[in-house]
Amino acid sequence: MSASLMMDLKDIHFTFATGRKVLNGVNLSLNAGEKVALLGANGAGKSSLLQCTMGLTPIQHGGITILGQPCQTETDFRAIRGRVGLLFQDSDDQLFCPTVLEDVMFGPLNLGHSRDKSRAMALQVLTDLGLGGFGDRITYQLSGGEKRLVALATVLAMSPDVLLLDEPTNGLDADVEKRLIAILQSLPQSMLIISHDRDFLDQIATRFVRLENGVIANT
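Below: a short report on this structure.

## Describing the packing of helix 3 (residues 100-110) against helix 5 (residues 144-156)
Phase 1 of the analysis: Here helix 3 crosses helix 5 at 30°, and the two axes come no closer than 7 Å. Regarding the angle of helix 3 to helix 5, the classification is roughly parallel. Every pair of crossing elements has a handedness; the one defined by helix 3 and helix 5 is right-handed. Contacts between helix 3 and helix 5 involve Val-100, Asp-103 and Val-104 from the first element and Val-150, Ala-153 and Thr-154 from the second.
Phase 2 of the analysis: Counted by class, the contact of helix 3 with helix 5 contains four nonpolar, one polar and one charged residues.

## A short note on the side chain of Thr-169
Phase 1 of the analysis: Of note, Thr-169 is situated in the loop between strand 7 (162-166) and helix 6 (174-186).
Phase 2 of the analysis: Given the relative accessible area of 9%, Thr-169 is considered buried.
Phase 3 of the analysis: Ignoring sequence-local partners within four residues, the contact set of Thr-169 consists of Glu-177, Leu-180, Ser-195, Asp-197 and Phe-200.

## Comments concerning helix 3
Phase 1 of the analysis: Looking only at helix 3, the buried set comprises Val-100, Leu-101, Asp-103, Val-104, Met-105, Gly-107 and Pro-108.
Phase 2 of the analysis: Turning to helix 3, the residues buried within the fold contact helix 4 (115-128) and helix 5.

## Some points on the packing of aromatic side chains
Phase 1 of the analysis: If you walk through the whole model with that rule in mind, you get two aromatic pairs.
Phase 2 of the analysis: Aromatic side chains Phe-14 and Phe-16 sit 5.1 Å apart centroid to centroid with 75° between the ring planes, which places their arrangement in the edge-to-face category.
Phase 3 of the analysis: You can call Phe-16 partly exposed: its relative accessible area is 29%.
Phase 4 of the analysis: The positively charged end of Arg-137 is found above the aromatic ring belonging to Phe-134, 4.5 Å away from the centroid.
Phase 5 of the analysis: The ring of Phe-208 carries the charged tip of Arg-198 above its face, separated from the ring centre by 4.3 Å.

## As for the sheet that holds strand 10 (residues 215-218)
Phase 1 of the analysis: If you walk across this open sheet you meet the six strands as 6-7-8-3-9-10, and the pairing is mixed. Each having just a single partner strand, strand 6 (84-87) and strand 10 make up the two edges of the open sheet. Neighbour to neighbour, the strand axes of the sheet diverge by 20° on average, direction disregarded.
Phase 2 of the analysis: Here strand 3 (residues 35-39) pairs with strand 8 (residues 190-194) via four bridges, running parallel. Bridge pairing in strand 8 places Lys-35 opposite Met-191.
Phase 3 of the analysis: Against the sheet, helix 5 contacts strand 6 and strand 7, and its axis sits at roughly 170° relative to strand 6.

Conventions adopted
- Residues numbered from 1 in each chain as written.
- Predicted model: local features only at pLDDT ≥ 70, side-chain atom pairs only at ≥ 80, totals over all residues.
- Heavy atoms only, no water.
- Axes fitted to C-alpha atoms, helices over the stretch in contact; angles between N-to-C directions.
- Helix = DSSP H or I, 4+ residues; strand = E, 2+ residues; numbered from the N terminus.
- Parallel < 35°, antiparallel > 145°, perpendicular 65-115°, else oblique.
- Left-handed = near helix turned anticlockwise from the far one by under 90°.
- Contact = heavy atoms within 4.5 Å.
- Nonpolar A, V, L, I, M, F, W, Y, C, P; charged D, E, K, R; others polar.
- Buried < 20%, exposed > 50% of the residue type's maximum accessible area, 1.4 Å probe, protein only.
- Phe/Tyr/Trp six-rings, centres within 6.5 Å; stacked < 30°, edge-to-face > 60°.
- Lys NZ or Arg CZ within 6 Å of the ring centre and 35° of its normal.
- Pairing = 2+ DSSP bridges.

Shown next as structure tokens:
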């Protein structure tokens, strides 16, 4: 695997328990510094592909290599999850602690950082996202847009090498989306981004691909 190749998916197949097949031989690579937009219709399997990439949904066939490590077993995926940040489509799937600060600290703590270090990392990320002062806020009382930014903070606090972002602008107003665009443009991480907001993608993505009929095509 090339040193610049961050992620490599080969011949990925996935079928839901209902029998509906959504991934039928997906091949997709992500190079260092790339920000790849993953397009496709609703139900095409885009979110499923991200979850398969993280090992959260097991594939039926194919090979997944992330950061040079082949990933087949749960042990393999567990070893790389701290280096790959997944932003779920629904923020409520990502936020489960009573307060914002506890949610954002969870990742660094899970990576083995001390409580003081984790707190400092979390507070810095919140500040970077314009959420300074949100630490003591009750997570479930936040607006949809605020939850979206906090969910992103939980991912960025782990300082991942790769970001997988599923509809990152969901629930954001125009001003907050503008701030998010500036943040994502400034980040060095490789990204695979799902969004139906083409204007947003045009400002972020370095390459576009489309998931259609279970396979990837360049646009």
